[in-house]
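Below, each chain spelled out in residue letters.
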Amino acid sequence: MTTEARLRDYLKRVTGDLLQTRQRLSEVESARHEPIAIVGMACRYPGGVRSPEDLWRVVSEGVDTISPFPADRGWDVPALYDPDPARVGRTYTKEGGFLHDAADFDPAFFGISPREAVSMDPQQRLLLETAWEAFERAGIDPESARGSRTGVFAGVMYADYGGRIRQAPEELEGYIGTGSAGSVASGRLSYVLGLVGPAITIDTACSSSLVALHLAVRALRAGECDLALAGGATVIATPGLFVEFSRQRGLSPDGRCKAFAAAADGTGWGEGVGLLLVERLSDAVRNGHPVLAVVRGTAVNQDGTSGQLSAPNGPAQQRVIRAALADAGLSPADVDAIEAHGTGTRLGDPIEAQALLATYGSPHVDWDGGAVRLLTEARPWEARDDRPRRAAVSSFGISGTNAHVVLEEHPRAREETHETVTGPVPVLLSAHSPEALGAQARRLRDHLAARPELAPSHVAHTLATGRAALPHRAVAVAADRASLLATLDALAADRPHADLVKGVAAPRGKVVFVFPGQGSQWDGMARDLLATSPVFADHLHAAAQAIERYAGWTTACSPTPSSATPRARSPPPTSPEPSPSTTPPRSSHCGPRRCSPWPEPAAWRQCRREPTRSPPSWPPTTISTSPLPTAPTPP
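Residues numbered from 1 in each chain as written. Predicted model: local features only at pLDDT ≥ 70, side-chain atom pairs only at ≥ 80, totals over all residues. Heavy atoms only, no water.

1. With respect to unusual backbone geometry
- With a phi angle near 65 degrees, Ala205 is a residue other than glycine that sits in the positive phi range.
- Relative to the helices and strands, Ala205 is located in the loop between strand S5 (199-202) and helix H8 (208-221).
- In this structure Ala205 comes out as buried when scored by relative accessible area, which is 8%.
- Non-glycine residue Phe260 carries a positive phi angle of around 65 degrees.
- With respect to the element layout, Phe260 can be found in the loop between helix H9 (240-247) and strand S7 (272-280). (Helix = DSSP H or I, 4+ residues; strand = E, 2+ residues; numbered from the N terminus. Buried < 20%, exposed > 50% of the residue type's maximum accessible area, 1.4 Å probe, protein only.)

In structure tokens:
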């Protein structure tokens, strides 16, 4: 080969390598900025909010969710309240946004003993419930996620539940540490659900949940996990937070946060839990999961040195907004709406407003003349033909950690279609108790009643493939809405119905291969034949070898083939004694309980016996109702 030919061959190889390198770099760069799909979500918030649909109802109807201090947490409210902000050890507000049913929990459903449940921080309990629901709302059987590379990123700020007890009683020793440990909040989700992706608990104060979403997005893009649960939980176990901020004059006297309003007079504390199930957009589309929204970009930063430790920092807020837009590959004009942090304080609101104007509007104009305006009343958010609708969310922690996320609608979110199948279809329900099964039927009936466009075929597939198969089961065979609603009514009322079948699943046992022979047999006959009949021994070993090729295990056969020695057959025993039962006695169990998370400081109260409640299983598609109905008021 001439020098020119060798040079030409070399240049061809180099050109091919360069093209492959460019393609690989393009793939890596795309992965770094791949949109992340939100495929499932679940929440509990004040005002009876137990689903995203409830939350939208509260927002759209302007429902006031602020209520008095809870009465079941051992707070001495009369002694705690004083309208004078200068009174030490008192608070001048006695209202907030509370989860008054935070004590309700069904430990048996998650395989948790009642004793351990009492020691568990209610924040951990709420995360368990909403994690299960987030999977089911995505059409994923939570049990099928066991062993999957699913990450957990949970924002938890408070850990004062167990810390109030100086000395726990003997029966709870060994549980208190894990029950209130922040690290266990995420680790328990992975443990109970069998998730093997990264599990991280985040505490950046008010921005914890949004930082958790940021970390989940980064982990998905880096390939550290295939799915991720991201969000946070807050339950206020002691009134100390109210007392502390009363000394700083930072609380709104009526407990209501009036962000950016002229009447803003302080922040308001509230509780809640919210979890998102997120997945790479390409995977979500390929797996057929619902795409509720898309995370286009996220960013996190820190205030650094500012006016004071807990004061907001305007330049830092501007930087985190610009970083999130850069991560999304968007300009400020590409975003339609912003969910501001909104402290409701006279210090924090102006700083955030200026940061928003400097990034999304013009820094030289006020609200009235700028590109950013306050949303003071409901208005339609029209779909656009040139681009999807987008919104951004800000959250700033008192520790100085700031977060900003840019969200985008996905075309599939607009195109919710239902393929109708003619003829009868089986509608499957399951629960872990008969009472829970009836509650499931009631919730599904209410769900269908609120969605008249849904036919039995629209819910049958999700119920069959996207829900855990629990022991107590029912099948409603329905050809139309009317027959399905009637069958669900019967199931809810525990009445028989011609189109209803109920039962309890039997536990699965191990496979047993039986060689019964012909005619009458007696105990030990096969052992005698194995030892005395070469023909029987040869055939039994042949069968064992055939099974071993497929099963990976072998039967215990002795002696070896063809080594049996013929001998006289042993007569059957005249009156064989039955073997004693090896089944252990059934342990007592009082069923699901109300596990009060507010024990008195002197002693822990045991779980109170309650009527059995339903498990956290939910209706199909993207709308669900309460997984754990409020328990009756305890005596």
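2. Remarks on the pattern of salt bridges
- Under the definition given, this model contains 32 salt bridges.
- Taking the shortest distance from any N to any O, the salt bridge between Arg73 and Glu271 comes out at 2.5 Å. On the criterion of sequence distance, the pair formed by Arg73 in the loop between strand S2 (67-68) and helix H3 (77-80) and Glu271 in the loop between H9 and S7 is long-range, its members being 198 residues apart. In this pair, the class of Arg73 matches that of Glu271, namely buried.
- Arg137 is the salt-bridge partner of Glu133, the closest N and O atoms lying 3.8 Å from each other. Remark: Arg137 and Glu133 occur in helix H5 (residues 122-137); sequence separation between them is four residues, near one turn of the helix. Both residues of the pair, Glu133 and Arg137, belong to the buried class.
- Several salt bridges share partner residues, and in doing so they unite Arg44, Glu53, Glu129, Glu133 and Arg137 into one network. (Salt bridge = Lys/Arg side-chain N within 4 Å of Asp/Glu carboxyl O.)

3. Some words on the sheet that holds strand S13 (residues 472-478)
- As summarised here, the arrangement of the three strands in space is S12-S13-S14, forming an open sheet in which the pairing is antiparallel. Across the chains shown, the open sheet's two edge strands, defined by having one partner strand only, are strand S12 (425-431) and strand S14 (500-504). Across the sheet, the mean angle from the axis of one strand to that of its neighbour is 15 degrees, orientation sign disregarded.
- Bridge count between S13 and S14: five bridges; the pairing is antiparallel. Bridged to Ala474 within S14 is Lys502.
- Packing against the sheet, helix H14 (residues 434-450) makes contact with S12, S13 and S14, and its axis sits at approximately 135 degrees to S12. (Pairing = 2+ DSSP bridges. Axes fitted to C-alpha atoms, helices over the stretch in contact; angles between N-to-C directions. Contact = heavy atoms within 4.5 Å.)

4. Remarks on helix H17 (residues 525-532)
- Of all the residues in H17, the buried ones are Met525, Asp528, Leu530 and Thr532.
- In this structure, the buried side of H17 is in contact with helix H18 (534-551).

5. Some thoughts on the packing of aromatic side chains
- In this structure the tally under the stated criterion is 11 aromatic pairs.
- Measuring from ring centre to ring centre gives 5.4 Å for Phe69 and Trp75, while their planes differ by 85 degrees; the resulting arrangement is edge-to-face.
- Look at Trp75 and you get buried, because its relative accessible area is 11%.
- Of the aromatic side chains, those joined through ring pairs into one cluster are Phe69, Trp75, Phe98 and Phe242.
- In this structure, Lys94 is placed above the aromatic ring of Tyr81, and the distance from its NZ or CZ to the ring centre is 4.6 Å.
- Between the NZ or CZ atom of Arg389 and the centre of the ring of Trp381, over which it lies, the distance is 5.6 Å. (Phe/Tyr/Trp six-rings, centres within 6.5 Å; stacked < 30°, edge-to-face > 60°. Lys NZ or Arg CZ within 6 Å of the ring centre and 35° of its normal.)

6. Observations regarding the packing of H14 against helix H16 (residues 481-492)
- Their axes nearest at 8 Å, the elements H14 and H16 cross at an angle of 150 degrees. Put simply, H14 runs roughly antiparallel to H16. As for how H14 packs across H16, the hand of that crossing is left-handed. Between H14, through Leu437, Gly438, Ala441, Arg442, Leu444, Arg445, Leu448 and Ala449, and H16, the contact on the second element is made entirely by Arg481, Leu484, Leu485, Leu488, Asp489, Leu491 and Ala492. (Parallel < 35°, antiparallel > 145°, perpendicular 65-115°, else oblique. Left-handed = near helix turned anticlockwise from the far one by under 90°.)

7. Quick word on empty space enclosed by the protein
- Tallied over the entire structure, the rule returns three cavities of 30 Å³ or more.
- What the second largest cavity holds in volume is close to 40 Å³.
- Lining the second largest cavity are Asp121, Gln123, Gln124, Val156, Tyr158, Ala159, Ser180, Ala181, Gly182 and Ala185.
- At the level of secondary structure, the elements contributing two or more residues to the lining of the second largest cavity comprise H5 and helix H7 (182-193).
- Here the residues of the lining of the second largest cavity sort into five nonpolar, four polar and one charged. (1 Å grid on protein atoms, 1.4 Å probe; cavity = no way out; pocket = protein on both sides within 12 Å on 5 of 7 lines; lining within 4 Å. Points joined across faces, edges and corners; volume = space filled by probe spheres on them. Nonpolar A, V, L, I, M, F, W, Y, C, P; charged D, E, K, R; others polar.)

8. Quick look at the sheet that holds strand S9 (residues 337-339)
- Spatial strand order, S5-S4-S6-S7-S1-S8-S11-S10-S9: nine strands in an open sheet with mixed pairing. Edge positions in the sheet fall to S5 and S9, since each has one partner strand and no second. For this sheet the average axis-to-axis angle between neighbouring strands, irrespective of direction, equals 25 degrees.
- In the sheet, strand S4 (residues 150-156) pairs with S5 via four bridges, with the strands oriented parallel. Bridge pairing in S5 links Phe153 to Ile200.
- Most of the contacts of H8 go to strand S8 (residues 293-302), to which it runs at about 115 degrees, and overall it touches strand S1 (36-44), S4, S5, strand S6 (227-234), S7, S8, strand S10 (390-396) and strand S11 (401-408).

9. Some remarks on the nonpolar core
- Core analysis: the biggest nonpolar cluster contains 42 residues, and Phe110, Leu127, Leu128, Phe135, Leu229 and Leu277 have the highest contact counts within it.
- At the level of secondary structure, the elements contributing two or more residues to this core comprise S1, H5, S4, H7, S6, S7 and helix H10 (281-287).
- Broken down by element, this core gets its largest block of residues, seven residues, from H5.
- If sequence neighbours within four positions are ignored, Leu127 has contacts with Ala154, Val156, Ala185, Leu189, Gly232, Ala233, Val273 and Leu275.
- Among the nonpolar cores identified, the runner-up in size contains 21 residues, and Ala431, Ala436, Leu444 and Leu500 belong to it. (Core = buried A, V, L, I, M, F, W, Y, C linked by side-chain atoms within 4.5 Å.)

Geometric values such as these leave the question of function open.
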